[in-house]
Amino acid sequence: MDGISFKNTILMVLIALLVWCSSIETCIARKGKHWRQSRYAAASLSKKKGASHSHGHRNGGSKPKPPPQSHKPSPSPLPSTKPKEEATPSIPPPQNGYSDGPQSSVFNVLDFGAKGDGETDDTKAFQDAWAAACKVEASTVVVPAESVFLVGPISFSGPYCQANFVFQLDGTIIAPTDSRPWGKGILQWLEFSKLKGITIQGKGIIDGRGSGWWQDAPYEDPYDDEWKLIVPLNSTVQERPPMPVINELSGKMPSIKPTALRFYGSFNATVTGITIQNSPLCHLKFDNCMGVVVHDITVSSPGDSPNTDGIHLQNSNDVLIHSSDLACGDDCISIQTGCSNVYIHNVNCGPGHGISIGSLGRDNTKACVSNITVRDVIMHNTMNGVRIKTWQGGSGSVQGVLFSNIQVSEVQLPIVIDQFYCDKRTCSNETAAVALSGITYEKIRGTYTVKPVHFACSDSLPCTGVTLTAIELQPLQERYHLYDPFCWQTFGELTTPTVPPIGCLQIGKPANNRVQSDHDAC
């Protein structure tokens, strides 16, 4: 019995040892599995961090070797032929068929249903493209080349849009010649308003197709009052300028004519590269804008198209215009009230009515213009060269103006100040006037066909500080009577001899120069 008991005891001990050892191995196996998983996870995380922060090993220490690709753990099943897709984030499907990233910043009008055939109305497609681009900062709306888009009146309004928007115009946008889209009359065709950072660029064309408007109600439209100074050799002074030849669209359009392209209430607006042609009225207008840049553009309309200003500035500050060709039926550039810090250079103007400040003070309004520079300009076959025009009865001031290095060729009236401007049949005589001071003309050279200088200043508020330097203007007899320089109530100085002599300028200051009241001053 004793031997049997001893054997049983040993057997029980062995069984207990086996059970105990089995438990230990299970624990170790489980622990090992957890350790391996955590190690692989750490290795995977380390690799991902290394891919995006590898520059952290540039200084000090040796760069760790990546594990062999064949042993690279894969947290999600991916095809072995595309190992790089592991680090690529998933991309939601595009919402409108043009996305090449998580959120595209390029919006092609063709992707929004535009046809670009020149016949289908693409206005809605442009509206939809704008609505999508408006939500994305630094976005671009693309108007592609080799397409013609018929677009009705449209406003790209942006008080709640993201900043720095680009309108890439490489195709052609044409206006409707049907009167229905215009209703009873609209003041602008394409409008960009209340934007921060807006650029229109490209090699495209904006075509207002305005010939149908130019003949409508011609005697109700304003006309350039300087026609009164131009007398043909074979007749008396013209009452009105010649009008374009009538066409099949005349009489069918509203009497209110639209500006082709208008910017309103915007900051940092740029227009470059494009052509604007045949506008019903003004081609390019900036109203209540700050930080305007226009360069390398072309404006093209017939010289007899009425009131088709090239670039019109109003209530806008810090403006730069350069390296552009402007041909139209009115002022190549018109600077209206509320403008300051305007710099214009290297512009070709003609045909047209020159570069003008004004008209200002109409209907007894107050006008304020200051710090204007126009230089390095070529003018050919224009009515005026550089001009300031104001209405009787106005108030405010024009001061700090420089016209420099202006080359004129066959220009009727190269230098003009007209404080009796009136673009309608009758105007009443009034004593109040916009005050003009600090006006400098230097290096104005070339040929004229009517009168070299015409200074007609207010009786009650004469022009002061008018300076003439290096004026060389030669007569060219063509179709008009030639006249000598004319000055009325104009005071200033001649710093060099002029050709022809401008003896009518009164040297110094007026004896009884009326001082503007605080109400009139800017």
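Residues numbered from 1 in each chain as written. Predicted model: local features only at pLDDT ≥ 70, side-chain atom pairs only at ≥ 80, totals over all residues. Heavy atoms only, no water.

Colleague: Would you explain the overall build of the protein chain in this entry?
Modeller: Counting its secondary structure elements, the protein chain contains three helices and 31 strands. For the protein chain, buried positions account for 47% of its 522 residues. Pairs at least 24 apart in sequence give 76% of the contacts found in the protein chain among residues at least 6 apart. Only carbon and sulfur atoms are counted for the fraction: they give 55% of the accessible area of the protein chain, which is about 26200 Å². (Helix = DSSP H or I, 4+ residues; strand = E, 2+ residues; numbered from the N terminus. Buried < 20%, exposed > 50% of the residue type's maximum accessible area, 1.4 Å probe, protein only. Contact = heavy atoms within 4.5 Å. Areas by Shrake-Rupley, 256 points an atom, 1.4 Å probe, with all protein chains shown as cover.)

Colleague: Hey, could you run me through the environment of P176 in this one?
Modeller: Mapping P176 onto the fold places it in the loop between β7 (172-174) and β8 (188-193). The spatial distance from the C-alpha of P176 to the C-alpha of R209 is 7.8 Å, given a sequence separation of 33 residues. Ignoring anything within four residues of it in the chain, the contact list for P176 reads L150, V151, G152, P181, W182, W189, R209 and M253.

Colleague: Which parts of the structure should I look at to understand the UniProt feature "active site" (unreviewed entry) in the protein chain?
Modeller: Within the UniProt annotation, "active site" (unreviewed entry) is assigned to H353. Looking at the element boundaries, H353 is found in the loop between β20 (339-349) and β21 (355-360). Separated by 3.3 Å, the side chain of H353 and the backbone oxygen of G329 make a polar contact. (UniProt positions renumbered as here; feature names shortened; annotations may be inferred. Polar contact = N/O pair within 3.5 Å; in protein donor to acceptor, adjacent residues only side chain to side chain.)

Colleague: Is there a simple way to explain the sheet that holds strand β19 (residues 333-335) in this structure?
Modeller: Strand order in this open sheet of eleven strands is β5-β8-β11-β14-β17-β19-β21-β23-β25-β27-β29, and the pairing throughout is parallel. On the outer flanks of this sheet lie β5 (154-157) and β29 (486-488), each paired with one strand and no other. Averaged over all pairs of adjacent strands, the angle between strand axes in this sheet comes to 15 degrees, irrespective of strand direction. (Pairing = 2+ DSSP bridges. Axes fitted to C-alpha atoms, helices over the stretch in contact; angles between N-to-C directions.)

Colleague: I would appreciate a short explanation of the nonpolar core in the present structure.
Modeller: What tends to happen in soluble globular proteins is that the nonpolar side chains get buried as a cluster. With 99 residues, the main nonpolar core has F167, F263, F286 and Y441 as its most contacted residues. Those residues in contact with F286 that lie beyond four places of it in its chain are F263, A269, V271, V292, V294, I311, H312, L313, Q314 and S316. The next biggest cluster of nonpolar side chains, apart from the first, holds eight residues, and it includes W227, I230, M383 and V416. (Core = buried A, V, L, I, M, F, W, Y, C linked by side-chain atoms within 4.5 Å.)

Colleague: Is there a simple way to explain the state of the cysteines in this structure?
Modeller: By definition, a disulfide is the covalent link that joins the sulfur atoms of two cysteine residues. Evaluation of the coordinates by the stated rule reveals six disulfides. Covalently, C332 is tied to C349 through a disulfide, its sulfur atoms 2.1 Å apart. Around the S-S axis, the bridge from C332 to C349 shows a dihedral of about 80 degrees and counts as right-handed. Taken together, the positions of C332 in the loop between β18 (317-327) and β19 and C349 in strand β20 put the pair 17 residues apart, joining distant regions of the chain. Assessed through its relative accessible area of 0%, C332 is described here as buried. The class for C349 is buried, based on a relative accessible area of 3%. Here C487 engages in a disulfide with C504; their sulfurs sit 2.0 Å apart. Disulfide C487-C504: the torsion about the S-S bond is 40 degrees, which places it as right-handed. Residue C487 is found in strand β29, and its partner C504 is found in the loop between β30 (490-494) and β31 (506-507); the two are separated by 17 residues along the sequence. Each disulfide in the protein chain links cysteines that, numbered along the sequence, combine into the pattern 1-2, 3-4, 5-12, 6-7, 8-9, 10-11. Cysteine C328 is unpaired, with the sulfur of C332 as its nearest cysteine sulfur at 4.4 Å. Take C328: its relative accessible area is 0%, and that puts it in the buried class. (Disulfide = S-S within 2.5 Å.)

Colleague: Even after reading the chapter, I still don't get the pattern of salt bridges, so can you show me in this structure?
Modeller: Pairing between side chains of opposite charge can happen when their charged atoms approach one another. The tally for this structure, following the rule as stated, stands at ten salt bridges. Across the salt bridge formed by R262 and D287, the nearest N and O atoms sit 3.2 Å from each other. Remark: D287 occurs in strand β14 (residues 284-287) and R262 occurs in strand β11 (residues 259-264); sequence separation between them is 25 residues. We note that R262, like D287, is buried. Put simply, D423 and R362 hold a salt bridge, and the shortest N to O gap is 3.4 Å. Residue D423 is found in the loop between β25 (413-418) and β26 (435-448), and its partner R362 is found in the loop between β21 and β22 (366-380); the two are separated by 61 residues along the sequence. (Salt bridge = Lys/Arg side-chain N within 4 Å of Asp/Glu carboxyl O.)

Colleague: When you look at the packing of aromatic side chains in this model, what are you seeing that I'm missing?
Modeller: Geometrically, a pair of aromatic rings is defined through the distance of the ring centres and the angle of the planes. In total, this model carries 13 aromatic pairs according to the counting rule given. Arranged with centres 5.0 Å apart and planes meeting at 10 degrees, the rings of F263 and F286 form a pair that is stacked. With a gap of 23 residues between them, F263 in strand β11 and F286 in strand β14 connect regions that are remote in the sequence. Its relative accessible area of 0% is what places F263 among the buried residues. Its relative accessible area of 0% is what places F286 among the buried residues. A network of ring pairs unites the aromatic residues W130, F156, F165, F167, F192, F263 and F286 as a single cluster. In this arrangement the basic side chain of K451 is found over the ring face of Y483, its NZ or CZ atom lying 5.7 Å from the centre. (Phe/Tyr/Trp six-rings, centres within 6.5 Å; stacked < 30°, edge-to-face > 60°. Lys NZ or Arg CZ within 6 Å of the ring centre and 35° of its normal.)

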